[in-house]
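As a plain string of letters, each chain reads:
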Amino acid sequence: MTETQRVNMGKQHPAPYKALMALSAEAEGAAAAAGLDPLLVEMLKIRTSQINGCAFCMRLHTRDALKKGESPDRIAVLPAWAETGYFSETDRAALRLTEAITGVADGHVSDEDYDAAAAVLTADQVSAVAWLATVMNAFNRVAITSRYPVRG
């Protein structure tokens, strides 16, 4: 990565950033109202950020997940969630849908992926997961474009 100075989009145009923050709060509220576990919500944010390669958001949401009581083991195996016994049927459905939404440029959200999620999740949960993925993808793009710093 180069050391090119980037504009911090959130600081340069705070109103759209505040609107994104408000949208995020609404999406989290919808997830809670739909009965999605707050730990799953954090895992969906982490997984989206892993796919997009957003180190800033991965670190942020990993820390949030740990503070909320998430298992380090589940976080460690998250990229290979389908190969483990750590995730419930609800978790798996939400992760699959989140991955499909995040990879929309690779072939849209297939009927197979959508139907698999809809077979397990309620309509409210499908919508909440889709909103969470949409918002997290937006945050990833802001952080990556602005090159939010991640240092040890």
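If you're wondering where the values come from, they're calculated on a predicted model, not measured in any experiment.

Now for helix 2 (residues 14-33). A rise of 1.5 Å per residue sets the reference length of helix 2, with its 20 residues, at 28 Å; its end C-alpha atoms lie 28 Å apart and thus fit the reference within 8%. Taken residue by residue, helix 2 has Leu 20, Ser 24, Ala 27 and Ala 31 as its buried positions. Each buried residue of helix 2 lies within a common arc of 65° when the element is viewed along its axis, so the set occupies one face. Exposed residues pointing more than 90 degrees away from the buried face of helix 2 are listed as Ala 15, Lys 18, Ala 25, Glu 26, Ala 32 and Ala 33.

Take unusual backbone geometry next. The backbone phi angle of His 108 is positive, close to 65°, even though this residue is not glycine. Assignment of secondary structure puts His 108 in the loop between helix 6 (89-102) and helix 7 (111-118). We note that Arg 147 has phi near 55°; this positive angle belongs to a residue other than glycine. For Arg 147, the position within the fold is in the segment after helix 8 (123-146).

In this model, the second largest pocket occupies a volume close to 240 Å³. Listing elements by their share of the lining of the second largest pocket, those giving two or more residues are helix 2, helix 4 (55-67) and helix 8. Among the residues forming the lining of the second largest pocket, the class breakdown is 14 nonpolar, 2 polar and 2 charged.

Time to look at the nonpolar core. Counting residues in hydrophobic clusters, the biggest one holds 35 residues, and the most contacted among them are Leu 36, Leu 44, Leu 121 and Val 129. Every element with two or more residues in this core is listed here: helix 2, helix 3 (38-52), helix 4, helix 6 and helix 8. Sort the elements by how many residues they give to this core and helix 8 lands first, with 10 residues. Setting aside chain neighbours within four positions, we find Leu 44 in contact with Ala 94, Leu 95, Thr 98, Val 129 and Leu 132.

This part is about the packing of helix 2 against helix 8. Two numbers describe how helix 2 lies on helix 8: the axes approach to 9 Å, and their chain directions differ by 155°. The angle between helix 2 and helix 8 falls in the class roughly antiparallel. With respect to the hand of their crossing, helix 2 and helix 8 are arranged in left-handed fashion. Touching Tyr 17, Leu 20, Met 21, Leu 23, Ser 24, Ala 27, Glu 28, Ala 30 and Ala 31 of helix 2 are Ala 128, Trp 131, Leu 132, Val 135, Ala 138, Phe 139 and Val 142, all from helix 8. In terms of residue class, the contact of helix 2 with helix 8 is built from 14 nonpolar, 1 polar and 1 charged.

Now for the environment of Leu 39. By the secondary structure assignment, Leu 39 is in helix 3. Beyond its immediate stretch of four places on either side in the chain, Leu 39 contacts Ala 65, Lys 68, Gly 69 and Glu 70.

The topology assignment puts His 61 in helix 4. Among the residues examined, His 61 registers a relative accessible area of 8% and is labelled buried. Excluding its chain neighbours within four sequence positions, the residues that come into contact with His 61 are Glu 42, Lys 45, Ile 46 and Met 136.

Cut-offs used in this document
Residues numbered from 1 in each chain as written. Predicted model: local features only at pLDDT ≥ 70, side-chain atom pairs only at ≥ 80, totals over all residues. Heavy atoms only, no water. Helix = DSSP H or I, 4+ residues; strand = E, 2+ residues; numbered from the N terminus. Expected span 1.5 Å × (residues − 1). Buried < 20%, exposed > 50% of the residue type's maximum accessible area, 1.4 Å probe, protein only. Arc of directions from axis to C-beta. 1 Å grid on protein atoms, 1.4 Å probe; cavity = no way out; pocket = protein on both sides within 12 Å on 5 of 7 lines; lining within 4 Å. Points joined across faces, edges and corners; volume = space filled by probe spheres on them. Nonpolar A, V, L, I, M, F, W, Y, C, P; charged D, E, K, R; others polar. Core = buried A, V, L, I, M, F, W, Y, C linked by side-chain atoms within 4.5 Å. Contact = heavy atoms within 4.5 Å. Axes fitted to C-alpha atoms, helices over the stretch in contact; angles between N-to-C directions. Parallel < 35°, antiparallel > 145°, perpendicular 65-115°, else oblique. Left-handed = near helix turned anticlockwise from the far one by under 90°.

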